[in-house]
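Residue-level listing of the chains:
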Amino acid sequence: MNHEDLLTVVHQNLCACALDLNLNKNIEALLKLPRRELHVSIPVMMDDGRIKTFQGFRVQYNSARGPTKGGIRFHPAEIVNTIRGLAAIMTWKCALHDLPLGGAKGGVICNPKEMSKKELEKLSRAYIRAVADFIGPGRDIPAPDVYTNEQVMAWMMDEYSIITGRASFGVVTGKPIALGGSEGRHDATARGGWMAICEAAAQTGMELAGATVAIQGYGNVGYNAALCGHELYGSKVVAVSDSKGAVYQPEGLDPRAVMAHKTTAGTVAGFAGAAGITNEELLELDVDILIPAALENVITLDNADRIQARIIAEFANGPTTKDADAILGPKGIHIIPDFLCNGGGVIVSYFEMVQNFNMDHWPEEEVYRRLDAKMTAAYRQVFEATKKYDVGMRQAAYSVAVERVVTAMMDRGWI
Ligand code: GLU
């Protein structure tokens, strides 16, 4: 499986739920296509004086339920079909969590790890200049994603405000607190994911205190997933990884100590007192909870039969292929599908939009309280749908989300 296949996986899941919903074939065909997309070439003068031209995209998948919403990724292996698949997933995510938003995604082919801060700032600002006519509050609102962060959002907001000649704080979410960012946004995806895990644990009779956890990815989501598990739920994080390697310690790792090591060494690999393993081995560990928190298509036909976890909580977008699902289901593994599990990020992004519109700032407890209410409600609606349609969690999540998008399209008179 390679990255190109994410849109195919989305289509396969869509076809399965279309049968449950008894969806008209023409509507199904419409839902398989992004509504519009922009491809841009972005010249940036690098520190050595060379002009380097980057390729960038913004895909607005479906806006039936409101302005489109979704992150921007900076990644060297980016391709537009992945962005399309991710934009579709954002559409289902916003609908499932009942946010008045559609779905979008953006990306730039670049390697931020090899760029200076100045070069990254120039690229971030140039990307916004290139897509400024396409996005905007009330139209399409970007946010952080893989290898972008609140600093990148601050530059983008600033550039857009220069272009529009007004303080356009609402153009992106995931901003620093000083620039209209929301409390609780930085770890919202991880916290929300753990709220979903809580529901799954209650349902499957798993005790979270002492439960063993393996996490693939140690960026914003993976690191905060480790912290939440360790500090809020008393779970034992036995393995973590990043793109350069993985570490395993059956007695449990201290997530903060691993991050301190990563900050100096540039990777979690080599963390003292832990065994070095591969990313592949991490996925196959005998743990209670497996958290893929990196990229798409990592649990595939190739390794699904060797996955031993009791619960797979998909903090990443699209980590499991449809073929793999067909193997994991009969094994009795409880999957919390991506757009249910990782909705916390966009939920708090939506809270940030609400606060920006009202020039308000909510306390952290208020954000977490509302986040918990949203995550728990969505989990329970999906669980109800598993019974209604007699399907697994992913197909049930698709049914709930797609039905809402289709209802909006009908109400608008699009179909
Ligand atoms: N990038 C995050 C996601 O995939 C957040 C998107 C947003 O906040 O708009 O859900």
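Please refer to the structure higher up on the page.
Residues numbered from 1 in each chain as written. Predicted model: local features only at pLDDT ≥ 70, side-chain atom pairs only at ≥ 80, totals over all residues. Heavy atoms only, no water.

**Let's talk about empty space enclosed by the protein**
Think of a ball as big as a water molecule: rolled over the atoms, this probe shows where empty space is left.
Move 1: Evaluation of the coordinates by the stated rule reveals 1 cavity of 30 Å³ or more.
Move 2: Approximately 70 Å³ is the volume found for the largest cavity.
Move 3: The wall of the largest cavity is formed by Leu6, Val9, Val10, Asn13, Ile89, Gly318, Thr320, Asp338, Phe339, Arg394 and Tyr398.
Move 4: Looking at the lining of the largest cavity, the elements that each hand over two or more residues are α1 (6-21), α11 (338-341) and α14 (393-412).
Move 5: If you tally residues by element for the lining of the largest cavity, the top one is α1, at 4 residues. (1 Å grid on protein atoms, 1.4 Å probe; cavity = no way out; pocket = protein on both sides within 12 Å on 5 of 7 lines; lining within 4 Å. Points joined across faces, edges and corners; volume = space filled by probe spheres on them. Helix = DSSP H or I, 4+ residues; strand = E, 2+ residues; numbered from the N terminus.)

**A short note on the sheet that holds strand β3 (residues 68-75)**
Move 1: Strand order in the open sheet formed by 5 strands is β1-β2-β4-β3-β5, with mixed pairing between adjacent strands. Strands at the two margins of the open sheet, each flanked by one partner only, are β1 (36-45) and β5 (140-144). Each strand axis lies, on average, 25° off the axis of its neighbour in the sheet, ignoring direction.
Move 2: In terms of strand pairing, strand β2 (residues 51-62) meets strand β4 (residues 102-109) through 6 bridges, oriented antiparallel. Across the sheet, residue Arg58 finds its bridge partner in β4, namely Gly106.
Move 3: Where helix α4 (residues 117-131) meets the sheet, its contacts fall on β1, β2, β3 and β4, and the angle it forms with β1 comes to roughly 140°. (Pairing = 2+ DSSP bridges. Axes fitted to C-alpha atoms, helices over the stretch in contact; angles between N-to-C directions. Contact = heavy atoms within 4.5 Å.)

**A word on the site of the ligand**
Move 1: Every one of the 14 residues lining the ligand counts as a neighbour, but Lys69, Lys93, Pro144, Asp145 and Ser349 are closest to it.
Move 2: In isolation the ligand has 300 Å² of accessible area, and contact with the protein removes 94% of it.
Move 3: Counting only elements with at least two residues in the shell around the ligand, the list comes to β3, α3 (80-96), β5 and α12 (344-357).
Move 4: Considering only residue class, the shell around the ligand consists of 4 nonpolar, 5 polar and 5 charged. (Near = heavy atom within 4 Å. Areas by Shrake-Rupley, 256 points an atom, 1.4 Å probe, with all protein chains shown as cover. Nonpolar A, V, L, I, M, F, W, Y, C, P; charged D, E, K, R; others polar.)

**Observations concerning the packing of α4 against helix α5 (residues 150-164)**
Move 1: For the pair α4 and α5, the least separation of the axes is 9 Å and the interaxial angle reads 45°. When the axis of α4 is compared with that of α5, the two are oblique. Judged by the twist between their axes, the crossing of α4 over α5 is right-handed. Across from Lys117, Leu120, Glu121, Ser124, Arg125, Tyr127, Ile128 and Arg129 in α4, the residues of α5 making contact are Gln151, Val152, Trp155, Met156, Asp158, Glu159, Tyr160, Ile162 and Ile163.
Move 2: Tallied by class, the residues present in the contact of α4 with α5 amount to 9 nonpolar, 2 polar and 6 charged. (Parallel < 35°, antiparallel > 145°, perpendicular 65-115°, else oblique. Left-handed = near helix turned anticlockwise from the far one by under 90°.)

**Quick look at the packing of aromatic side chains**
Move 1: Tallied over the entire structure, the rule returns 7 aromatic pairs.
Move 2: Between Trp92 and Tyr398, the aromatic rings sit 5.9 Å apart at their centres with planes inclined by 55°, giving tilted as the arrangement. Highlighted residues: Trp92 in helix α3 and Tyr398 in helix α14, separated in sequence by 306 residues.
Move 3: By relative accessible area, which is 3% here, Tyr398 ends up buried.
Move 4: Between Phe339 and Tyr398 the ring centres are 5.2 Å apart and the planes differ by 80°, which places this aromatic pair in the edge-to-face class. Residue Phe339 is found in helix α11, and its partner Tyr398 is found in helix α14; the two are separated by 59 residues along the sequence.
Move 5: What links up through ring pairs into an aromatic cluster is the set Tyr61, Trp92, Phe339 and Tyr398.
Move 6: Sitting over the ring of Tyr368, Arg191 keeps its end group 3.8 Å from the ring centre. (Phe/Tyr/Trp six-rings, centres within 6.5 Å; stacked < 30°, edge-to-face > 60°. Buried < 20%, exposed > 50% of the residue type's maximum accessible area, 1.4 Å probe, protein only. Lys NZ or Arg CZ within 6 Å of the ring centre and 35° of its normal.)

**Details of helix α8 (residues 255-265)**
Move 1: By the burial criterion, the buried members of α8 are Pro255, Val258, Met259, His261 and Lys262. Looking down the long axis of α8, one finds its buried residues gathered within 160° of arc, a one-sided arrangement. α8 presents Thr263 and Thr264 as exposed residues on the side facing more than 90 degrees away from its buried surface.
Move 2: Residues of α8 that are buried make contact with α7 (220-232) and β7 (236-242).
Move 3: Backbone nitrogen of Arg256 and a side-chain oxygen of the N-cap are separated by 3.1 Å at the start of α8; the cap is Asp254.
Move 4: Backbone geometry just downstream of α8 places Gly266 in the positive-phi region, at approximately 85°. (Arc of directions from axis to C-beta. Polar contact = N/O pair within 3.5 Å; in protein donor to acceptor, adjacent residues only side chain to side chain.)

All we've got here are geometric facts, nothing functional implied.
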